[in-house]
Each structure stands twice: as C-alpha cells, then as structure tokens.
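# Structural features, examined
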Amino acid sequence: MTQLINSTIKKKILKIIFSALFFISCYSEATASSTLNTIRISYDNQLNKARIVFDSNKKINFQVNNVDKKYLRISLKNMSLIKNFRSPVVDEKYIKSLVFNKGKSSLNFSIKPNGKFKYKYFSLTQNDKYSYRLVIDVYLIKKVKKVKKVKKVKKVKKNIIVIAIDAGHGGKDPGAIGKRGTMEKDIVLSISKKLYALLRKEKNIRPVLIRKNDTYIPLRSRIKKARKFKADLFISIHADAARNRKASGSSIYVLSQHGASSEAAKWLANKENAVDLIGGVSLDDKDNILAQVILDLSLSATIETSIKASSVILSKLKKVSKIHSHNIGQAGFVVLKSPDIPSMLIETSFLSNVREEKKLKTAKFQKDIAKAIRDGILDLIKQGVI
C-alpha cells in the first residue's frame, strides 16, 4: 500500500517538473533576443507597389500601425541589429523616408510612403533560402485629378459659301435690246443686286458681285475674279433674245463637254493657269498626259455639279416664270469655263418678247426671279451639292 502511494506521488512530482520545464522553455524562447539581418526593398511599377522585407534569424514578434494615414509604424519586439547592419536605400518615388530607432528591447521603424497609400502584411517561416521574414506591401494610390465638369457649348463652325453673281454684259456691251429699248445689261444688273441683297441676309453665305455697275468686264476676267474670291458657285444672269419674237420663258445653261475639252487645251497652253488649278494643284510640273487627265477629271466633276445645281434652281424658277426649256442646256460659253467652280448661265426671260420685256422691267418680277435663285441656292447648301 505504501509503495502504491509513493509511486503516485512520484508521478505527480514528475508531471509538475515537466510542466515547469515546458513553461521555462517557452519563456526563454520568447525572451531570447532575435537579430534583424537585413531589410530588403523591391518595387513593382505596374502595381505601383513597394515591398519591404524584414529578415530575422528567429520568428519575428511584430506590431504594425498606420499613424494618421500618413506613415506606417512597425515595432519589432525583442529584436536587435546584426553587426555591420546596412540601412536600405529607398526610391523616393515610392517611399519618402524610412527611419528607425532602438528601444529597450525592440526596433521601431517609421515608413512614410510618397502619397496616399494602402498596405498589407504577413509573416513567413524559414526555408532553404531565407530565414524568418516579415513582409509589408505598400501600394501607392494614384492621384486622380478632379476635373470640373464644364458644360461645353459645341460651336458649330459654319462653312461660308461664296456665291459669285455675274451680271452679264455691261459698259460698251449692252447685250440684248428689247423693242422698247430695254437693255439687257441694265435688267440683269438690277436682278443681280437684288439677289446679292437677299443672300447677304443669310449667315453662312457670302455673295460677291462680279460687276457692281455699268462697266465692261472681259469674260475671262470674270472667271479670274470668281476664282480670286474662291467662289463655290458662279451664276451668270442674262436676259435672252431670239429671232422668234414669241419665244419666252427661263432656261439654264452649263458648260458642254466639247467646251470643256477645248478649255482644257487652253489651260495647258497657258503658263499662268498651269501653276494653279483646283486646290492649288500645279500642272506646271506634270507631263502633258497627266495634266490632261487631271484637267479632264476636274472639269467633268465641275460640269456634273453644275448640272445638279442648275436642276435645283430651275425647279424654283418654275414657280415664278414660264420655263423655256425643262432640260439643262449645254454650250461652250466662255464665262462658264472655270475648271474648279460649278457654273451656270441663267436666261431669266426673253427681251425679244414684248410681254416679257415689260415684265422684266418691273421690280416685282426682278425680285421674284432673285428670290427663286436664292431659294435654289439654300436648297443646294442643305443638300450638300455645294
């Protein structure tokens, strides 16, 4: 019985001794000073991140705090520095400063990132390559500039359309003369001025008068003047005459293909013309075949646009005047021979017809004709023809 009691007492004593040894072991491990070997810093441009690694010979007892959201404070408990410890060089793009000081039994680090940041941390145990580590990732938050939303009023740039208005004849050239002595040059100048006044009221149109008064201007000079103004449309206004005194009504003509071909030859032969064609394209440095092709293309496109424009304006003239011909006429009129400006010649009515001569002299009919041409021009702009 005594032996049994002694055996039980021995077991309890041994248990107490082993327990004491375990706690002593744990305490000594916790209180034993660890050594900080290195601090390694790497950077990731894509993630805008700095990684800071604290490398120690033993498991690291640490505490991380974010102070005022301006810098990180890392406290390494029971930690000392290895001899010949080297403080790492920081990249100021990511970290403004890394400062540390020694406490009684700890190392305290203060890390100030370069701007607003977020962070995460974790610890790693030793392996074949590294010892114990504390890893802190600091992510810089990219600054987003606050752009004040300003309501932008879209300014619509209106293309200014230049309309060259050519009053036919003038000066020593009276044009057709009616039975009552009405001169074409006077009638068409009056209509041209009325058209000019109407177009001036339109914001996106700039009308120009080729002839402002009773002066004689050569036909090719009229073309040059229109090109100088960089006209988008050339309108030559006339009053017709015919042997048949009963002939009446309005009609419109554009350049014929034959007239275009003969004009191309003249342009190629003219040194002044060869220097400047449509859009400043020079023919002077081109061989004759290439220059001919360029001119033909330019003239063909101009004639095509002239026909479209004439059809629209003729449809407006139908509302105020009898139409002499419902088809667009084509002829070799010199005044229509600009290779890069859509051009038309409008025969408003026949001065050789007594009734129409009387009508042409009235301000009302002249204004009606001008309004019809104006309306046609506005439609051409809306349709994008010019």
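The structure we're discussing is the one just above.
The structure presented is a predicted model; accordingly, all values stated were derived computationally and were not measured. (Residues numbered from 1 in each chain as written. Predicted model: local features only at pLDDT ≥ 70, side-chain atom pairs only at ≥ 80, totals over all residues. Heavy atoms only, no water.)

As a further point, take the environment of Ala 176. Inspection of the secondary structure assignment puts Ala 176 in the loop between strand 10 (161-167) and helix 2 (184-200). Each C-alpha atom, one on Ala 176 and one on His 238, is 9.0 Å from the other, the two residues being 62 residues apart in sequence. If sequence neighbours within four positions are ignored, Ala 176 has contacts with Thr 182, Met 183, Glu 184, Ala 239, Asp 240, Ala 241 and Leu 351. (Helix = DSSP H or I, 4+ residues; strand = E, 2+ residues; numbered from the N terminus. Contact = heavy atoms within 4.5 Å.)

So, about the nonpolar core. Among the nonpolar cores identified, the biggest contains 39 residues, and Ile 163, Ile 235, Ile 313, Ile 373 and Ile 377 are the most heavily contacted of them. Among the secondary structure elements, those contributing two or more residues to this core are strand 10, helix 2, strand 11 (205-209), strand 12 (233-240), strand 13 (251-255), helix 6 (288-317), strand 15 (343-350) and helix 8 (363-383). Element by element, the count of residues in this core is highest for helix 8, at eight residues. Non-local contacts of Ile 235, meaning those with residues more than four positions away in its chain, are made with Ile 163, Ala 164, Ile 165, Asp 166, Ile 313, Met 344, Ile 346, Ile 373 and Ile 377. Judged by nonpolar contacts, the second largest core, of 25 residues, contains Ile 52, Val 64, Met 79 and Phe 85. (Core = buried A, V, L, I, M, F, W, Y, C linked by side-chain atoms within 4.5 Å. Buried < 20%, exposed > 50% of the residue type's maximum accessible area, 1.4 Å probe, protein only.)

One open sheet accounts for five strands, arranged 5-1-2-9-8; its pairing is mixed. Looking at the sheet topology across the chains shown, the edges are occupied by strand 5 (79-81) and strand 8 (117-124). When strand polarity is set aside, the average angle formed by the axes of neighbouring strands in this sheet is 30°. (Pairing = 2+ DSSP bridges. Axes fitted to C-alpha atoms, helices over the stretch in contact; angles between N-to-C directions.)

A few words on the pairing of strand 7 (residues 106-113). Two elements, strand 4 (residues 71-77) and strand 7, share six bridges in a ladder whose sense is antiparallel. Of the residues in strand 7, the one forming a bridge with Ile 74 is Phe 109. Between strand 6 (residues 95-102) and strand 7, which pair antiparallel in sequence order, lie three residues.

Right, let's get into a positive patch on the surface. On the surface, Lys 179, Arg 180, Arg 245, Lys 358 and Lys 361 cluster together into a patch of positive charge. Turning to its location among the elements, Arg 180 is positioned in the loop between strand 10 and helix 2. On the accessibility criterion, Arg 180 (51% relative accessible area) is exposed. (Patch = residues over 30% accessible without salt bridge, like charges linked within 9 Å, V, L, I, M, F, W, Y side chains within 5 Å. Areas by Shrake-Rupley, 256 points an atom, 1.4 Å probe, with all protein chains shown as cover. Salt bridge = Lys/Arg side-chain N within 4 Å of Asp/Glu carboxyl O. Lys, Arg positive; Asp, Glu negative; His and termini not counted. Charge placed at Lys NZ, Arg CZ, Asp CG, Glu CD.)

If you walk through the whole model with that rule in mind, you get eight aromatic pairs. Considering the side-chain rings of Phe 62 and Tyr 121, the 5.8 Å spacing of their centres and the 85° angle between planes classify their relative orientation as edge-to-face. Residue Phe 62 is found in strand 3 (residues 61-67), and its partner Tyr 121 is found in strand 8; the two are separated by 59 residues along the sequence. Looking at Phe 62, the relative accessible area reads 25%, which means it is partly exposed. Here a set of aromatic residues connected by ring pairs shows up, and it is made of Phe 54, Phe 85, Phe 100 and Phe 109. (Phe/Tyr/Trp six-rings, centres within 6.5 Å; stacked < 30°, edge-to-face > 60°.)

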